[in-house]
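Remarks on the overall topology
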Amino acid sequence: VVLLPMYKGGRPTSFRALKLPVIPNGSLFFPGSFNPPHKGHIALAKAAVRSAVNKGFSTRHDVKPIFMELSLTNADKPPIDPETVSERVHKFLELDDLPEQWGIILTRAPLFLQKVSSLQACVADTTVD
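Read on for an overview of the structure. As the structure is a prediction and not an experimental result, all values here were calculated from the model.

1. Digging into the side chain of Ser71
Note on placement: Ser71 falls in strand 4 (residues 66–71). The exposure class of Ser71 is buried, given its relative accessible area of 9%. Within the local environment of Ser71, its side chain forms a polar contact with the backbone oxygen of Thr73, the two atoms lying 2.5 Å apart. Not counting the four nearest positions on each side in its chain, Ser71 is found in contact with Ile80, Thr107, Arg108, Ala109, Pro110 and Lys115.

2. Some thoughts on the nonpolar core
In terms of nonpolar packing, the biggest core is built from 22 residues, with Phe15, Ile66, Met68, Phe92, Ile104 and Leu106 touching the most fellow members. If you list the elements that add at least two residues to this core, you get strand 3 (28–31), helix 1 (39–54), strand 4, helix 2 (82–91) and strand 5 (102–107). It is helix 1 that contributes the most residues to this core, four residues altogether. With residues up to four places along the chain from it excluded, the contact list for Met68 reads Phe30, Phe34, Ile42, Ala45, Phe92, Pro99, Gly103, Ile104 and Ile105.

3. A few points about the pattern of salt bridges
In a structure, side chains of opposite charge can pair up when their charged atoms sit close to one another. The full count for this structure, using the stated rule, is four salt bridges. Residue Asp97 pairs with Lys46 through a salt bridge whose shortest N-O separation is 2.8 Å. A residue pair is termed long-range when its members are at least 10 positions apart, and Asp97 in the loop between helix 2 and strand 5 and Lys46 in helix 1 qualify at 51 residues. Overall, the relative accessible area of 56% leaves Asp97 in the exposed class. Notably, a salt bridge pairs Lys115 with Glu69, separated by 3.0 Å at the nearest N-O pair. You can see Lys115 sitting in helix 3 (residues 112–120) and its partner Glu69 sitting in strand 4, a full 46 residues away along the chain.

4. Some remarks on unusual backbone geometry
Pro36 follows Asn35 through a cis peptide bond whose omega is -5°. Following the sequence through the fold, Pro36 ends up in the loop between strand 3 and helix 1. For Asp97, which is not glycine, the phi dihedral falls at a positive 60°.

5. Re helix 1
An ideal rise of 1.5 Å per residue puts 22 Å on 16 residues; helix 1 measures up with 22 Å between its terminal C-alpha atoms. Listed as buried for helix 1 are His41, Ile42, Ala45, Val49 and Ala52. Angularly, the buried residues of helix 1 cover 100° about the axis, an arc narrow enough to put them on a single face. What points out from helix 1, more than 90 degrees from its buried face, is the exposed set Lys39, Leu44 and Asn54.

6. Quick notes on the environment of Leu95
Here Leu95 shows up in the loop between helix 2 and strand 5. On the accessibility criterion, Leu95 (14% relative accessible area) is buried. Along the primary structure Leu95 and Cys122 are separated by 27 residues, whereas in three dimensions their C-alpha atoms are 27 Å apart. Once residues within four sequence positions are removed from consideration, Leu95 is found in contact with Arg11, Pro37, His38, Lys39 and Ile42.

7. Topic: helix 2
Of all the residues in helix 2, the buried ones are Val85, Arg88 and Val89. Down the axis of helix 2, the smallest arc covering the buried residues is 100°, so these residues share one side. For helix 2, the elements touching its buried residues are strand 1 (2–8), strand 2 (11–17), strand 4 and strand 5. For helix 2, the side-chain oxygen to backbone nitrogen distance between the N-cap and Glu83 is 3.1 Å, and the N-cap itself is Asp81.

About the cut-offs
Residues numbered from 1 in each chain as written. Predicted model: local features only at pLDDT ≥ 70, side-chain atom pairs only at ≥ 80, totals over all residues. Heavy atoms only, no water. Helix = DSSP H or I, 4+ residues; strand = E, 2+ residues; numbered from the N terminus. Buried < 20%, exposed > 50% of the residue type's maximum accessible area, 1.4 Å probe, protein only. Polar contact = N/O pair within 3.5 Å; in protein donor to acceptor, adjacent residues only side chain to side chain. Contact = heavy atoms within 4.5 Å. Core = buried A, V, L, I, M, F, W, Y, C linked by side-chain atoms within 4.5 Å. Salt bridge = Lys/Arg side-chain N within 4 Å of Asp/Glu carboxyl O. Expected span 1.5 Å × (residues − 1). Arc of directions from axis to C-beta.

In structure tokens:
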């Protein structure tokens, strides 16, 4: 599931779930349990965006999108219940200084290799012939 923040008055107030999980080509992914999400997560996400831009990784957009990936299943813990997932996701709305282009991705991929495989299938092919 891809969740995009909806803004009102310059602040994110809710999320919109995409009907199809499409992710822009060139996006970054930041996996975590986000229990709870905090300013350290945001600082790391923004540092990842700056690093990618500084290293010349191009994107079609002026600002590189970053998605926080929260897996509902974990390799060594019980699955996260829906209420807990909702609480964690909505805590992002309380954070300040979020990246300019961001979103949340919910997966059922507990292992990194599984995350890569499932996320690659959602990346939009934006190559031009």
